Amino acid sequence: MSLGISWVTAWIDDTVEVVSHNRTRLSELDREIGDGDHGENLDRGFSAVKVKFDTLPDDATPGAALKLVATTLISTVGGASGPLLGTAFLKGAQALGDAPEINADGVVALLTAARDGVVLRGKAEPGDKTMIDAWTPAVDAAGEAAAAGASPAGVLRAAAAAASAGAESTEPLVARKGRASYLGERAIGHRDPGAESSALIITAAADAAAATEG
Ligand code: ADP
Ligand code: MG
């Protein structure tokens, strides 16, 4: 089994829907420890991605499609999360090159490059209470699943479960990056909105892969 452009378009369709559905909740999380705009920021970005995807040629490669996501997020999201997630999609796209299909190792390479892009851009470490706390466990779980022989959809399922647990794990943390770092100990007890949205995006990737695999 491998994943191609139909998986990418299903993933992005799911993400557009899930971000829109969770817009208020993500902004509420951001209101607790930031400025309350995270859901709006992402919804604006992925709504723009949806429009751009209408112009995507049928024979586009997964890498080209993800690059379009990246450039659109960077130019429309605003806030810290735009350049960070934009860089994640850009580096993920570059890792795929012009390959038409992605196998289990390709999924690991995609997630790893995406996570490394966020680190390159934002310099956060695990435990800093950022989206890295969703991406890094996802990368680790994906690597383990691929090494154990999982399919691309299985690798993504493992990544999604780890990302969701990672987002939850930000609750007891003090933030060391982004706006939430100004709050010191008052950030304790609140989930990081960017970790939560990254978990939603990775879960959408897994759901789309499961549907594609049938
Ligand atoms: P802003 O903070 O500019 O309002 P958003 O609300 O859209 O931007 O995004 C906030 C999220 O961005 C945080 O919850 C956190 O996950 C993420 N974030 C902020 N700074 C960093 C960083 N340096 N590295 C990784 N993620 C970060
Ligand atoms: Mg914000």
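Preceding this paragraph is the structure being described.
Below is a summary of the structure that appears in this document. (Residues numbered from 1 in each chain as written. Chains lettered and ligands numbered in written order. Predicted model: local features only at pLDDT ≥ 70, side-chain atom pairs only at ≥ 80, totals over all residues. Heavy atoms only, no water.)

## Here we look at helix α2 (residues 23–33)
Residues separated by three or four positions in an α-helix point in the same direction, a consequence of the helix having 3.6 residues per turn.
Then, number 1: Residues Leu26, Ser27, Leu29, Asp30 and Ile33 constitute the buried set of α2. Projected onto a plane normal to the axis of α2, the buried residues spread over an arc of 155° and lie on a single side.
Then, number 2: For α2, the secondary structure elements touched by its buried residues are α3 (38–53) and α9 (193–213). (Buried < 20%, exposed > 50% of the residue type's maximum accessible area, 1.4 Å probe, protein only. Helix = DSSP H or I, 4+ residues; strand = E, 2+ residues; numbered from the N terminus. Arc of directions from axis to C-beta. Contact = heavy atoms within 4.5 Å.)

## Focus on empty space enclosed by the protein
Then, number 1: One pass over the full model with this rule turns up one cavity of 30 Å³ or more.
Then, number 2: Here the residues of the lining of the largest cavity sort into eight nonpolar, one polar and no charged. (1 Å grid on protein atoms, 1.4 Å probe; cavity = no way out; pocket = protein on both sides within 12 Å on 5 of 7 lines; lining within 4 Å. Points joined across faces, edges and corners; volume = space filled by probe spheres on them. Nonpolar A, V, L, I, M, F, W, Y, C, P; charged D, E, K, R; others polar.)

## Side note on the coordination of the magnesium ion (ligand 2)
Then, number 1: Protein coordination of the magnesium ion (ligand 2) is provided by Asp30 (OD), Asp35 (OD) and Asp37 (OD), with donor distances spanning 2.1 to 2.2 Å.
Then, number 2: Donor residues for the magnesium ion (ligand 2), ordered by position in the chain, follow D-x4-D-x1-D.
Then, number 3: Taking relative accessible area as the criterion, aspartate 35 reaches 36% and is therefore assigned partly exposed.
Then, number 4: Classification of aspartate 37 by relative accessible area gives partly exposed; the value is 23%. (Donors = N, O, S within 2.8 Å, 3.2 Å for Na, K, Ca; no water.)

## Quick notes on the site of ligand 1
Then, number 1: For ligand 1, the set of nearby residues contains 21 residues, the closest of which are Asn41, Ala80, Ser81, Gly122 and Asp192.
Then, number 2: Within the side chain of arginine 179, an N or O atom sits 3.1 Å from an oxygen atom of ligand 1.
Then, number 3: In the model, an oxygen atom of ligand 1 is placed 2.9 Å from a nitrogen or oxygen of the glycine 194 main chain.
Then, number 4: Protein coverage of the free-state accessible area of ligand 1, which is 560 Å², stands at 92%.
Then, number 5: One can see that ligand 1 is located within the largest pocket.
Then, number 6: Secondary structure elements with two or more residues in the shell around ligand 1: α3, α5 (81–96), α6 (104–122) and α9. (Near = heavy atom within 4 Å. Polar contact = N/O pair within 3.5 Å; in protein donor to acceptor, adjacent residues only side chain to side chain. Areas by Shrake-Rupley, 256 points an atom, 1.4 Å probe, with all protein chains shown as cover. Sits in = over half its atoms within 2 Å of the grid points.)

## Thoughts on the nonpolar core
Nonpolar side chains in soluble globular proteins tend to end up buried together.
Then, number 1: Core analysis: the largest hydrophobic core is formed by 60 residues, its most contacted members being Trp7, Trp11, Ile12, Phe46, Phe89 and Leu156.
Then, number 2: Secondary structure elements with two or more residues in this core: α1 (5–21), α3, α4 (62–76), α5, α6, α7 (132–147), α8 (152–168) and α9.
Then, number 3: Here this core gets nine residues from one element, more than from any other, and that element is α9.
Then, number 4: What phenylalanine 89 contacts, discounting residues up to four positions off in sequence, is Trp11, Ile12, Phe46, Leu66, Val69, Ala70, Leu73 and Ile201. (Core = buried A, V, L, I, M, F, W, Y, C linked by side-chain atoms within 4.5 Å.)

## Some words on the layout of surface pockets
Then, number 1: There is about 480 Å³ of room inside the largest pocket.
Then, number 2: Lining the largest pocket are 25 residues, with Ala80, Ser81, Leu84, Gly178 and Arg179 sitting closest to its centre.
Then, number 3: Class assignment of the residues belonging to the lining of the largest pocket gives a composition of nine nonpolar, nine polar and seven charged.
Then, number 4: Considering only enclosed or pocket space, the second largest pocket measures out at about 170 Å³ in volume.
Then, number 5: Lining of the second largest pocket is provided by Ile5, Ser6, Thr9, Ile12, Asp13, Val16, Lys50, Phe53, Asp54, Leu56, Pro57 and Asp58.
Then, number 6: Put simply, the parts of the chain that give the lining of the second largest pocket at least two residues each are α1 and α3.

## Regarding α9
Then, number 1: Taking 1.5 Å per residue as the helical rise, α9 with its 21 residues ought to reach 30 Å, and the 30 Å between its terminal C-alpha atoms agrees with that figure.
Then, number 2: Counting buried positions along α9 yields 15 of 21 residues, so the element is predominantly enclosed.
Then, number 3: By the N-cap criterion, in which a side-chain oxygen at the helix start approaches the backbone nitrogen of a residue two or three places on, α9 is capped by aspartate 192, the distance to glycine 194 being 3.2 Å. (Expected span 1.5 Å × (residues − 1).)

Read these as spatial facts, not as claims about activity.
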